[in-house]
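Report on the structure
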Amino acid sequence: MVKVRDHKYQFISARPFAPNLGAEIYDVDLSKKISDEQFSDIAQAFLDHQVLFFKNQKEIPPDVHIAFGKRFGELHAHPAAPTMKGYPEIFEIHADKNSKVANGEFWHSDVSCDDEPPLGTMLQIHIAPDCGGDTMFCDMYAAYEALSNPIKELIGGLTATHESEHLYRGRYSDRGMDDTGTIFPTAVHPVVRTHPETGRKALFVNRTFTTRINELSVDESNVVLNLLFDQAEHINHQIRFNWSINDMAFWDNRCCMHRAIWDYWPEERKGRRVTIKGDRPK
Ligand code: SIN
């Protein structure tokens, strides 16, 4: 039962998750091809809420999941992660009693080390622990907007380096990936980006990939980056989503970050992720 309904949409039901970030979406069955009308409402809700949580879902067949992702654009190939057998477009999220690490344990925007980082990511969880295994999201528009004007002026023209060698080298060896000879991506992006569809400004730095503000000394860069990381991760800008089996989350990497909580070892959590290519941040 949807208690609070956002009446902007005609073909889906949306319940805001928090005033500025996230919405639960009802009355859509993602296990089948959806209508153009529903697609158009979903695309609008995605821009309005930044992360959508599709509730009451059945398991989405891999080809339907891929086709849904492709309605938003070309799909992104992850530079390091293993893919699902027979479906190179699908990245399997998995942690169990044998895992030494779990995916996305630190705040990040997916693969921000790419020159053209992903627009968005669609994750459906099929196996969830009895409790825990939540995913947190934070609002990078709000993080930017809450900065004082002098700090906005300071960071307005700065660029940052986003690296991945430290993260990806050997990361998936336990899942059979041999990365000998692989060169992992590094990119330079503006510290503040303008969302290409909403025109809103968002902070675009994260603890996982961003290593340096290029125009500052190392010491200055460390101070400013830590200030911006703390600002982004402020509790006022966060939400925390608790998964039910077959929930599907779809987040906008251009204006929100996320962090997966691995508090459920030795239990298992498993899902499938499709990622959509984005453009070069400006
Ligand atoms: C990720 O894609 O970063 C992992 C998210 C999650 O497992 O909740």
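Everything below is about the structure shown above.
We now turn to the structure provided with this report. Keep in mind it's a predicted model, so treat the numbers as computed, not measured. (Residues numbered from 1 in each chain as written. Predicted model: local features only at pLDDT ≥ 70, side-chain atom pairs only at ≥ 80, totals over all residues. Heavy atoms only, no water.)

Description of the pattern of salt bridges
Where charged atoms of side chains with opposite charge meet at close range, the side chains can pair. Summed over all chains, the structure comprises 19 salt bridges. Linking Glu 59 and Arg 272 is a salt bridge whose minimum nitrogen-to-oxygen distance equals 3.1 Å. Here Glu 59, found in the loop between strand 3 (51-54) and helix 2 (62-70), pairs with Arg 272, found in strand 16 (residues 269-276); they are 213 residues apart in sequence, far enough to count as distant. The salt bridge partner of Arg 254 is Asp 252, with a shortest N-O separation of 2.9 Å. On the basis of relative accessible area, Arg 254 is assigned to the buried category, the value being 4%. Here the salt bridges do not stand alone but share partners, grouping Asp 29, Lys 32 and Lys 58 into one network. (Salt bridge = Lys/Arg side-chain N within 4 Å of Asp/Glu carboxyl O. Helix = DSSP H or I, 4+ residues; strand = E, 2+ residues; numbered from the N terminus. Buried < 20%, exposed > 50% of the residue type's maximum accessible area, 1.4 Å probe, protein only.)

Thoughts on the site of the ligand
The full set of residues close to the ligand is Ile 93, Gly 104, His 108, Asp 110, Leu 123, Thr 135, Trp 251, His 258, Ala 260, Arg 269 and Arg 273. In this structure, His 108 approaches the ligand through a side-chain N or O atom, which is 3.0 Å from an oxygen atom. Between Arg 269 and the ligand, the recorded distance is 2.7 Å, taken from a side-chain N or O atom to an oxygen atom. About the coverage of the ligand: the protein hides 98% of its 260 Å² of free accessible area. Residue assignment for the shell around the ligand shows that the elements contributing at least two residues are strand 15 (256-260) and strand 16. Class assignment of the residues belonging to the shell around the ligand gives a composition of four nonpolar, four polar and three charged. (Near = heavy atom within 4 Å. Polar contact = N/O pair within 3.5 Å; in protein donor to acceptor, adjacent residues only side chain to side chain. Areas by Shrake-Rupley, 256 points an atom, 1.4 Å probe, with all protein chains shown as cover. Nonpolar A, V, L, I, M, F, W, Y, C, P; charged D, E, K, R; others polar.)

Let's talk about unusual backbone geometry
Cis geometry is adopted by the peptide bond preceding Pro 266, which originates at Trp 265 and carries an omega value of 10 degrees. Inspection of the secondary structure puts Pro 266 in the loop between strand 15 and strand 16. Although it is not a glycine, Asn 56 adopts a positive phi angle of roughly 55 degrees. With respect to the secondary-structure elements, Asn 56 resides in the loop between strand 3 and helix 2. We note that Asn 246 has phi near 75 degrees; this positive angle belongs to a residue other than glycine. The topology assignment puts Asn 246 in the loop between strand 13 (238-241) and strand 14 (248-252). When its relative accessible area of 13% is taken as the criterion, Asn 246 is described as buried.

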